[in-house]
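# Structure at a glance
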Amino acid sequence: MDEAAAQEYRTWSGSVQFTPGRHLEPADEGALARIIGRAREHGHTVRPRGSGHSSTPLIASDDVLVSLDGLSGLIDHDTEAGLARLGAGTTLDQAGAELAQAGLAMENFGDVSYQTLAGAIGTGTHGTGLQFGNLSTLLAGGRMVTGTGEVLDFGTDDDASPATAPPPGSRPVGGDDDIARAGAGAGRTEDALLRALGVSLGTIGVMTAVTIRVTPEYDLRRLEWSAGAEWAIDHFLELSLTNRNADIYWYPRRDEVKVRTLNLPEHTASVMPANAHVVAEQTGPSHEIIPTVPPLRFDEMEYLFPLEVGMDVFQAVRERIKSHHRQHVAWRVLVRTIAADDLMLSNATGHDSMSIALLHNAELPEDPYFADMEPLLLDYGGRPHWGKKHSRTGAHLAPMYPQWQHFQQIRHRHDPEGVLMNDYLRSLLEQDQDGANGDQS
Ligand SMILES: Cc1cc2nc3c(=O)[nH]c(=O)nc-3n(C[C@H](O)[C@H](O)[C@H](O)COP(=O)(O)OP(=O)(O)OC[C@H]3O[C@@H](n4cnc5c(N)ncnc54)[C@H](O)[C@@H]3O)c2cc1C
């Protein structure tokens, strides 16, 4: 097992910094089980980290921080079943490349591919597209070391697990049929442990392997064009329904948007203004075309809303930024769509969603901007992204998640002593709406 000398750890944007007591990289599952078992015995805590791309202190620890970098790569796959098993520390980039070698692909990515599979799944990382749930909905099974040090198979990896309903990945992706089915939701997952693990912030167990739903590999064509903000507001839903993936970046100073669409190469562009100015066009393998490379380090606040109210929220955000922040806000606003799911702590649970993300240059102070905008996002009943800036605690969040208490029961069953917790997670998960401890088992 590798042990990095205890030194400060900084997340990608640099806005979360801490010095763990020990920073360990177990070479295998046995070593990880020993780390967690020993921590439990001695009253210590363990936090698993992925690529450190979350900007809330989910992985902060002054005790043991574990990296799963050593457990990465494609382990096996079943093309017919549409399943692939990968090490939990595999980055999305690596997953895309290794799956492609096996003729397979993920149905969607977020905006970048630096995250690890377990880290992206851990916070409900999403891309855009009404036929796609967040990446957590791809989780079909896997293996983990729980907070008690027990090694446990779950979902499809657990022979005793109840069967799961046909997943959304069993639909063909990208064709016109899909578009007709847009909004149908990401399917129901029958296994309660899987529904809890889907978005679990590393608080039920440390995953060592994940089995995800995959599709045959496919190419996509990326098209980006600029348009006026008013045009985009009027047409965003139509864009979302007629393209495989569509999102918009709004640039406050110019009050213009960049529309980004992704489609199978043979798909003809649908709605597009006559004076649209095409700024990028590219075709290639999906895992290379979907993720992009951000040109600067940024921090981000993102909330998800029921699809029907999303554009009202965007309008309100636009007005507020124009009247209060236009001269100081240091980047752009990203609007995307996500299919509904039934994962206990997914911020898209129960309804198709629209996400609104405020991106701000990480070199500049973000406090006045995010602090001023967040009440507006809350007024519309938004649920925050678990891995991005927000100020919410369990007292506020519990009533927004119908399966909150069920999640707490499952978490408590697998980590009764809170070995996998830190102070921040306690503020998120251990206060329900009455301010009482959420552990109900
Ligand atoms: C440049 C950039 C672009 C982004 N783009 C998007 C986007 O398009 N869409 C979106 O939704 N989000 C996006 N995010 C947010 C990002 O996807 C999430 O914060 C994601 O969780 C980061 O993954 P990570 O591997 O860095 O995990 P970390 O941030 O290191 O950890 C995230 C969570 O996963 C847990 N975890 C990590 N490994 C394991 C494991 N093996 N077992 C159990 N739990 C584990 C951690 O404990 C933690 O709770 C972006 C962030 C950045 C910085």
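Everything here concerns the structure above.
Keep in mind the model is a prediction, meaning the values are calculated, not measured.

### Some words on the site of the ligand
Around the ligand lies a shell of 34 residues, among which Pro48, His53, Ser54, Asp111 and Thr123 are the nearest. In the environment of the ligand, an oxygen atom lies 2.8 Å from a nitrogen or oxygen atom belonging to the side chain of threonine 125. At a separation of 2.8 Å, an oxygen atom of the ligand approaches a polar side-chain atom of histidine 385. In isolation the ligand offers 970 Å² of accessible surface; the protein chains occlude 98% of this area. Contributing elements (two or more residues each) for the shell around the ligand: strand S5 (46–49), helix H3 (117–123) and strand S12 (205–213).

### Some points on the sheet that holds strand S18 (residues 298–306)
Ordered in space as S17-S14-S16-S15-S19-S20-S18-S21, the eight strands form an open sheet in which the pairing is antiparallel. This sheet does not close on itself; its edge strands, each paired only once, are strand S17 (277–285) and strand S21 (383–384). For strand S14 (residues 219–228) and S17, the ladder comprises eight bridges, and the chain directions are antiparallel. Across the sheet, residue leucine 220 finds its bridge partner in S17, namely glycine 284. Against the sheet, helix H8 (residues 307–325) makes contact with strand S15 (245–251), S18, strand S19 (333–338) and strand S20 (353–361), and its axis sits at roughly 25° relative to S20, the strand it touches most.

### Overview of the environment of isoleucine 212
The topology assignment puts isoleucine 212 in strand S12. The class for isoleucine 212 is buried, based on a relative accessible area of 1%. Linking isoleucine 212 and methionine 106, residues 106 residues apart in sequence, is a C-alpha distance of 8.5 Å. Excluding its chain neighbours within four sequence positions, the residues that come into contact with isoleucine 212 are Gly82, Leu83, Ala84, Leu86, Met106, Leu117, Ile121, Leu138, Leu139 and Ala140.

### A look at unusual backbone geometry
We note that leucine 201 has phi near 55°; this positive angle belongs to a residue other than glycine. The topology assignment puts leucine 201 in the loop between helix H5 (192–197) and S12. On the basis of relative accessible area, leucine 201 is assigned to the buried category, the value being 5%. Of note, aspartate 255 is a non-glycine position whose phi angle comes to about 50°, a positive value. One can find aspartate 255 in the loop between S15 and strand S16 (256–263). Aspartate 255 gets classed as buried once you look at its relative accessible area, which sits at 18%.

### Examining the sheet that holds strand S7 (residues 74–78)
Spatially, the five strands line up as an open sheet ordered S7-S8-S12-S10-S11, and their pairing is antiparallel. The sheet is open, and its two edges are formed by S7 and strand S11 (151–155), each paired on a single side. Shown here is a sheet whose adjacent strand axes are inclined to one another by a mean of 15°, direction ignored. Pairing between S7 and strand S8 (residues 83–87): four bridges, direction antiparallel. Paired with aspartate 78 across the bridge in S8 is leucine 83.

### A closer look at the pattern of salt bridges
Enumeration over the complete set of coordinates arrives at 21 salt bridges. We note a salt bridge from lysine 388 to glutamate 300, for which the minimum N-O separation is 2.8 Å. A residue pair is termed long-range when its members are at least 10 positions apart, and lysine 388 in the loop between S21 and helix H10 (394–397) and glutamate 300 in strand S18 qualify at 88 residues. Considered together, lysine 388 and glutamate 300 belong to a single accessibility category, that of buried residues. Between glutamate 302 and arginine 336 there is a salt bridge, with its nearest N and O atoms 3.2 Å apart. You can see glutamate 302 sitting in strand S18 and its partner arginine 336 sitting in strand S19, a full 34 residues away along the chain. Summarising the burial analysis for this pair, glutamate 302 and arginine 336 share the class buried.

Conventions we followed
Residues numbered from 1 in each chain as written. Predicted model: local features only at pLDDT ≥ 70, side-chain atom pairs only at ≥ 80, totals over all residues. Heavy atoms only, no water. Near = heavy atom within 4 Å. Polar contact = N/O pair within 3.5 Å; in protein donor to acceptor, adjacent residues only side chain to side chain. Areas by Shrake-Rupley, 256 points an atom, 1.4 Å probe, with all protein chains shown as cover. Helix = DSSP H or I, 4+ residues; strand = E, 2+ residues; numbered from the N terminus. Pairing = 2+ DSSP bridges. Contact = heavy atoms within 4.5 Å. Axes fitted to C-alpha atoms, helices over the stretch in contact; angles between N-to-C directions. Buried < 20%, exposed > 50% of the residue type's maximum accessible area, 1.4 Å probe, protein only. Salt bridge = Lys/Arg side-chain N within 4 Å of Asp/Glu carboxyl O.

Geometric values such as these leave the question of function open.
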